[in-house]
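Examination of the molecular architecture
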Amino acid sequence: MNTVSVNENPFGRKLVLACLLPILLVNIVAFMVPVLNLAAMSFRAASSTGSLEEGITVSTWLGLFGDGYYWSMVGRTVWFGILITIITLLLSYPLALFVSRREGSLKAFLVVVCISPLLISAVVRTYGWMVILGDQGVLPSLIRASGFTPPRLINNETGVIIGMVEILMPYMILSLLSGFGKLDATLEQAAGTLGARPFTVFRRVVLPLSLPGILLGCLLCFVLAVSSFITPKMLAGGRVSLLATEIYDQAIVTLNWPLAACLSVLILVVFGAALVLYGRLSKIVE
Amino acid sequence: MIRGSMMLQGLIRTFQLLAIAAILAFLLAPVLLVFPISFSADAYVSWPPSGWSTKWYVALLENDEMLEAFRNSFLLALYVTVLTLLIATPAAVALARSTFVGRDTLISIFTAPLLLPSIVLGLAILIIFVGQGLVGTWPGMILGHLVITLPYALRVLLTGLGTLPMFVEDAAGTLGAHPLTVFRRITLPLMTPALVATGALSFIVSFDEVVISLFIAGTQLKLLPVSLYHYVESRTDPLVAAVSAIMVLGTLLIVLIMERAMGLRRTVAK
């Protein structure tokens, strides 16, 4: 980075540096230093009173690996991530395909409708799900009104999965739409004209061409599902413990920063594994 | 035979449309249902409401904590947006209009905070901020939010600058205009749509940010998403629905600004 060499541009070298200095400062002070410090924090240990013990140690890591509770938590987090990603894909795919086949202002409108929930606060959207799934909420009341006993939909895993799927759908739709960009309607028509049945056209033409978008959307959803904290916390009422909610509890409630730091590194390892898998699968697809 | 298969096709089409409508309803249900609930006359959330009233909006106007949280969040988002534009605009222009070794690496470093889960980022910032006494302070909050708004801003501005015709700037430069004059008279006016989209995005990202705020706002500095989160933890009356309805309408305004300026999809695309 010291070897910034500026050639043939309207800005002088000093001006470029001056332009980049503020963003670099914020990045170093509030991103790089905190993240490196967090990694270092995982090699400290907390005493029973919550204060940090002197010296560098791997005891927090060893305690983590020796505790089956955390192993099953990682397993549950990954399993939830996969389940949520698959359901999100199944619901988003038909909608994205439908939107990509509209034209003009209708398409623009539908794109805005599908994506704008992304900009609405996660707290507000999750509260919306509490209104729908709560015991006196919209869905149980409708089920009761039709003479059935509603299953419990909130403060358990079902609620978390329903809420997360909806929260993540705009991300999936966005990825799928960019993937569908490569899809040419004439290809489908050609396949149809040559006698392929609609399902065959879908399986042999549409699906393979949209695979890159599917992979990107799945990566994004999995990563966001694994690290989400607000929605699981609000819809599970503390009854489902996942990596992200445990990080918050350890950091804010128990004040065990080293353990929270270890769990953070663990989440990043899951992220890394997902990225590697994504890279492998992308190569196969192309 | 042909008529039968046409009827079958029509049936399949209707079924498809119904399925699409159902998925769309699922996607929009939580956002839309806060509106009727916010006009409920009940003391708690129930469906259907036993009557309609505006009492929860009145209650909101009398709730000092929520009003203070709203004011703080609005001011914070405003400060963060102004600072984001001031910091990210020169950086984006410098990165887009000059070539030097390590330019792409720098862009990756500047946008890296978006790759980190906010729960991890929040914890990392908290630990540093506690040592510096920045928890629950305005400078701390602004810095914590800049970490996430700056990468978004840089990405949108770089996309916007990428579509601008560079030859106009080159021509002005060739004719002897000072680089700063070129920037002020040519580049800045041309990138106005990108700046508007960036400003709108920064504002909504800061106003909605909850995870990082939960970590570093402490108990003194009240922010709307954090107050809502804590409120819902203990009570389930329709007050939050009233706040939510207002926030949804506010977000709609931001969406319209973005769509007009640069297109929503290009602004928020990952």
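Residues numbered from 1 in each chain as written. Chains lettered and ligands numbered in written order. Predicted model: local features only at pLDDT ≥ 70, side-chain atom pairs only at ≥ 80, totals over all residues.

Along the backbone of chain B there are 13 helices and 0 strands. Counting from the amino terminus, chain B carries its helices and strands in the arrangement α-α-α-α-α-α-α-α-α-α-α-α-α. Compactness check: chain B gives a C-alpha radius of gyration of 24 Å against a globular reference of 18 Å for 270 residues, more than 25% above the reference. Its C-alpha atoms give chain B principal-axis dimensions of about 75 × 70 × 30 Å. Taking as baseline every contact in chain B between residues at least 6 positions apart, the subset at least 24 positions apart corresponds to 78%. (Helix = DSSP H or I, 4+ residues; strand = E, 2+ residues; numbered from the N terminus. Rg over C-alpha atoms; globule rule 2.2 N^0.38 Å. Contact = placed C-beta atoms within 7 Å.)

Moving on, we come to helix α3 (residues 68-101) of chain A. Note: α-helices contain 3.6 residues per turn, so residues at a spacing of three or four share the same orientation. In this model α3(A) runs 49 Å from its N-terminal to its C-terminal C-alpha over 34 residues, within 8% of the 50 Å that 1.5 Å per residue would give. Within α3(A), the axis deviates most sharply at A:S92, by approximately 30°, and proline A:P94 lies no more than four positions further along. (Expected span 1.5 Å × (residues − 1). Bend = angle between axes of the 7 residues up to and from the residue.)

Our focus in this paragraph is the interface of chain B and chain A. Across the contact, 72 residues belong to chain B and 72 residues belong to chain A. Per-element accounting of the side of chain B that touches chain A gives the leading share, 12 residues, to helix α1 (residues 2-38) of chain B. Along the lines of polarity and charge, the residues of the side of chain B that touches chain A split into 57 nonpolar, 9 polar and 6 charged. (Nonpolar A, V, L, I, M, F, W, Y, C, P; charged D, E, K, R; others polar.)

On to the confidence of the model for chain A, then. Residues and elements named next belong to chain A. Counting all residues, the mean pLDDT for chain A is 88, and 95% of those residues have values of 70 or more. Per-element mean pLDDT across chain A ranges from 76 in helix α8 (residues 185-193) up to 94 in α3. Contacts for the low-pLDDT stretch residues 1-8, under 50 throughout, to residues beyond four places or in other chains number 15 contacts. (pLDDT = per-residue confidence, 0-100.)

Residues and elements named next belong to chain A. Using the residue numbers shown here, the UniProt feature "transmembrane region" (unreviewed entry) corresponds to residues 15-40, 77-96, 108-132, 160-180, 205-230 and 257-278. When the span residues 15-40 is considered, its composition is 100% helix and 0% strand, and the gap between its end C-alpha atoms is 36 Å. A distance of 29 Å separates the end C-alpha atoms of residues 160-180, which is 100% helix and 0% strand. (UniProt positions renumbered as here; feature names shortened; annotations may be inferred.)

Burial analysis of helix α11 (residues 243-253) of chain A places 8 of its 11 residues in the buried class, which makes it a mostly covered element. Within α11(A) the residues assigned to the buried category are A:L243, A:A244, A:T245, A:E246, A:I247, A:Y248, A:Q250 and A:A251. Buried positions along α11(A) lie against α3, α9 (198-227), α10 (230-236) and α12 (257-285) of chain A together with α5 (118-132) of chain B. Taken from the residues just after α11(A), A:L255 is the one with a positive phi, measuring 60°. (Buried ≥ 20, exposed ≤ 12 C-beta atoms within 10 Å, placed from the backbone.)

This part is about the environment of A:L187. Residue and element names in this part refer to chain A. In this structure, L187 sits in helix α8. The partly exposed category is assigned to L187, around which 14 C-beta atoms lie within 10 Å. Sequence separation between L187 and L90 is 97 residues, and the spatial gap between their C-alpha atoms is 23 Å.

Packing of helix α1 (residues 13-41) of chain A against α5(B) leaves a shortest axis separation of 8 Å and a crossing angle of 90°. The pairing of α1(A) with α5(B) is recorded here as roughly perpendicular in orientation. Seen from α1(A), the contacting residues are A:A30, A:V33, A:P34, A:V35, A:N37, A:L38 and A:M41; seen from α5(B), they are B:L123, B:A124, B:I125, B:I127 and B:I128. In terms of residue class, the contact of α1(A) with α5(B) is built from 11 nonpolar, 1 polar and no charged. (Axes fitted to C-alpha atoms, helices over the stretch in contact; angles between N-to-C directions. Parallel < 35°, antiparallel > 145°, perpendicular 65-115°, else oblique.)

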